[in-house]
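In case you want the letters, here they are:
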Amino acid sequence: MGLPKRYQTPFVLLLLMAFLMPLVFSTWMALINNFSQEAAAFTGKEIGILQSLREIPGFLAFTAVWLLLVIREQRLAVLSLLILSIGVLLTGYFPSILGLYITTVVMSVGFHYFETIHQSLILQWVPKKEAPHFLGRALSVKAAGSIIVFGSLWVMLEYFNISYVTIYTLFGGLGILCVAFIAMSFPQFSQKTTQHKHLVLRKRYWLFYVLTFLSGARRQIFVVFAGFLLVEKFDYSASAIALLFLANYVFNLFFAAKIGKLIGVIGERRALTIEYIGLIVVFVSYGLVENSTIAGALYIVDHFFFAFAIAIKTYFQKIAGDGDIASTAGVSFTINHIAAVVLPALLGFIWLNDASLVFYIGAAIAVLSLILSQLIPDDPSIGGEIRSHSPIHQPLLKH
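Remember, it's a predicted structure, so these values are computed and weren't measured experimentally. (Residues numbered from 1 in each chain as written. Predicted model: local features only at pLDDT ≥ 70, side-chain atom pairs only at ≥ 80, totals over all residues. Heavy atoms only, no water.)

(A) Examining helix H8 (residues 206-234) more closely. Between its terminal C-alpha atoms H8 stretches 40 Å, which fits the 42 Å expected from 29 residues at 1.5 Å a residue. When the local axis directions of H8 are compared, the greatest deviation, roughly 30°, occurs at phenylalanine 222. Looking one or two residues beyond H8, the residue adopting positive phi is aspartate 235, at roughly 55°. (Helix = DSSP H or I, 4+ residues; strand = E, 2+ residues; numbered from the N terminus. Expected span 1.5 Å × (residues − 1). Bend = angle between axes of the 7 residues up to and from the residue.)

(B) Quick peek at empty space enclosed by the protein. Applying the stated criterion across every chain yields a total of one cavity of 30 Å³ or more. Computed from the structure, the largest cavity encloses a volume of approximately 50 Å³. Every residue along the wall of the largest cavity is listed here: Leu214, Ser215, Arg218, Glu275, Tyr276, Leu279, Phe283, Gly362, Ile365, Ala366 and Ser369. Where the lining of the largest cavity is concerned, the elements lending two or more residues are H8, helix H10 (268-288) and helix H14 (355-373). (1 Å grid on protein atoms, 1.4 Å probe; cavity = no way out; pocket = protein on both sides within 12 Å on 5 of 7 lines; lining within 4 Å. Points joined across faces, edges and corners; volume = space filled by probe spheres on them.)

(C) View of the packing of H8 against helix H13 (residues 325-353). The geometry of H8 relative to H13 is characterised by a closest axis approach of 8 Å and an angle of 40° between their N-to-C directions. As the angle between them shows, H8 and H13 are arranged oblique. Considering the relative orientation of H8 and H13, their crossing is right-handed. Here the residues of the contact of H8 with H13 sort into 18 nonpolar, eight polar and one charged. (Axes fitted to C-alpha atoms, helices over the stretch in contact; angles between N-to-C directions. Parallel < 35°, antiparallel > 145°, perpendicular 65-115°, else oblique. Left-handed = near helix turned anticlockwise from the far one by under 90°. Nonpolar A, V, L, I, M, F, W, Y, C, P; charged D, E, K, R; others polar.)

(D) How the structure looks around the pattern of salt bridges. For the coordinates displayed, the defined rule picks out nine salt bridges. Measuring nitrogen to oxygen at the nearest pair gives 2.7 Å for the salt bridge that ties arginine 269 to aspartate 378. With arginine 269 in helix H10 and aspartate 378 in the loop between H14 and strand S2 (395-398), this pair connects stretches of sequence that are 109 residues apart. On the accessibility criterion, arginine 269 (11% relative accessible area) is buried. According to the relative accessible area criterion, aspartate 378 is exposed, its value standing at 54%. Through salt bridges with shared partners, a single network forms among Arg218, Glu275 and Asp302. (Salt bridge = Lys/Arg side-chain N within 4 Å of Asp/Glu carboxyl O. Buried < 20%, exposed > 50% of the residue type's maximum accessible area, 1.4 Å probe, protein only.)

(E) Spatial organisation of the side chain of serine 36. Within the element layout of this structure, serine 36 appears in helix H1 (residues 10-40). Separated by 2.8 Å, the side chain of serine 36 and the backbone oxygen of isoleucine 32 make a polar contact. If we ignore the near neighbours within four places in the chain, the residues touching serine 36 are Ala41, Phe42, Ile47 and Leu100. (Polar contact = N/O pair within 3.5 Å; in protein donor to acceptor, adjacent residues only side chain to side chain. Contact = heavy atoms within 4.5 Å.)

(F) Layout of the packing of aromatic side chains. Scanning the entire structure with this criterion turns up 26 aromatic pairs. A centroid spacing of 6.1 Å and a plane angle of 20° characterise the contact between phenylalanine 25 and tryptophan 28, whose relative ring orientation is stacked. Here tryptophan 28 and phenylalanine 25 lie together in helix H1, a separation of three residues that amounts to about one turn. Comparing phenylalanine 25 with tryptophan 28, the two get one shared label, buried. Relative to phenylalanine 359, the ring of tryptophan 351 has its centre 5.9 Å away and its plane inclined at 75°; by these criteria the two rings are edge-to-face. Note on accessibility: tryptophan 351 and phenylalanine 359 belong to one class, buried. (Phe/Tyr/Trp six-rings, centres within 6.5 Å; stacked < 30°, edge-to-face > 60°.)

(G) Seen up close, the packing of helix H5 (residues 97-125) against H13. Contact geometry for H5 and H13: axes closest at 9 Å, N-to-C directions at 135°. The angle between H5 and H13 falls in the class oblique. Between H5 and H13 the crossing geometry is right-handed. Contacts from His112, Glu115, Thr116, Gln119, Ser120, Leu123 and Gln124 of H5 reach H13 at Ile325, Ala326, Ala329, Gly330, Ser332, Phe333 and His337. In terms of residue class, the contact of H5 with H13 is built from five nonpolar, eight polar and one charged.

(H) A look at the environment of isoleucine 300. For isoleucine 300, the location among the structural elements is in helix H11 (residues 292-304). It is 25 Å that separates the C-alpha atoms of isoleucine 300 and alanine 345, two residues lying 45 residues apart in sequence. In this structure isoleucine 300 touches Leu244, Ala247 and Asn248, once residues within four positions along its chain are discounted.

(I) Layout of helix H7 (residues 164-185). Between its terminal C-alpha atoms H7 stretches 31 Å, which fits the 32 Å expected from 22 residues at 1.5 Å a residue. When H7 is considered as a whole, its buried residues turn out to be Tyr164, Ile167, Tyr168, Phe171, Gly172, Gly173, Gly175, Val179, Ile182 and Ser185.

(J) Geometry of the nonpolar core. Core analysis: the biggest nonpolar cluster contains 114 residues, and Met17, Leu84 and Tyr286 have the highest contact counts within it. Among the elements that take part in this core, H1 stands out by supplying 15 residues, more than any other. Discounting chain neighbours no more than four positions away, the residues touching tyrosine 286 are Phe222, Ala226, Leu229, Ala295, Leu298, Tyr299, Asp302 and Phe359. (Core = buried A, V, L, I, M, F, W, Y, C linked by side-chain atoms within 4.5 Å.)

(K) Fine view of the environment of glycine 383. Looking at the element boundaries, glycine 383 is found in the loop between H14 and S2. On the basis of relative accessible area, glycine 383 is assigned to the partly exposed category, the value being 39%. Taking C-alpha positions, glycine 383 is 51 Å from asparagine 34, a pair spaced 349 residues apart along the chain.

Spatial relationships are all this shows, so hold off on functional conclusions.
Shown next as structure tokens:
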């Protein structure tokens, strides 16, 4: 039995998919370090290779646009969720180095293609005035899915000692069932504009590309090094880190939609100004902090600013040609992941000599982002992408 007709809307579909993704992916993310070490005797070398393999599909996300030659975006989003769920389900059954590498790549292909297409569909289906609030609601829904997973895993492991393979099977199987429900419950929604089926880079999007790259660099410093600082310098336990994760997701659950709504009121330039000034303070503080409680508070405040990055997406929505959204969503994911491929290893060497310098580099990235964000007009539009001059509209690369 499917959903009642009144719920068969693009917006309900987008939010359901946003909820399902972390319900499956967060299971993989929460367990992979422990499972790989206990079941396959992973060392730092193997887990490093695994994480690098996980990022490759994100780096290649631009290839999603070529799949649109043979499959519609909505179907590709559902198919990507299915691949993600299958990858997670299979993880527990291949407890070897090669097995975990392969299942990780399968999982990651589904995850990154879904995130690319889901972002594209939001920017196409949701009106521009409503997009900031809706993107915030989607973050809240994702946070709810993650909270359910982390809470469930804690109960299953702490009180019932359920095996990793059972948990991966349970949540991966649940994901497959939910994908089947979604596929049967929603019609194929029409697209107002046919999307380009080739790679498109345009000069007039240059500011969006640069802000996206810098955002990816800043996120890597948070994901890789902020948590590592808490463990290495302040001896945070695994349970303490888990509580910080929960605090971050609870924040998103209650406040991400409100931040999205705020962005719709104050505009993208002011929202990003708040984000980048806050990040400068946070990163400098990371470099100087000597108190474990303050360090944990910085971790939560750092995560708070993630929601403001919605403004980069809504800025692009306002300046984008209607047919460019799907192609550019893939390109932006690739640009975002360039930092994921390069930065962790590079900054890892710097960390060995001076950990604080890693965070001062993060502050410098935030300063550059702040300067560039001031080029965003009060009301971005096609032909009005930059405050200081009229942009060039011709493609740089198009094939």
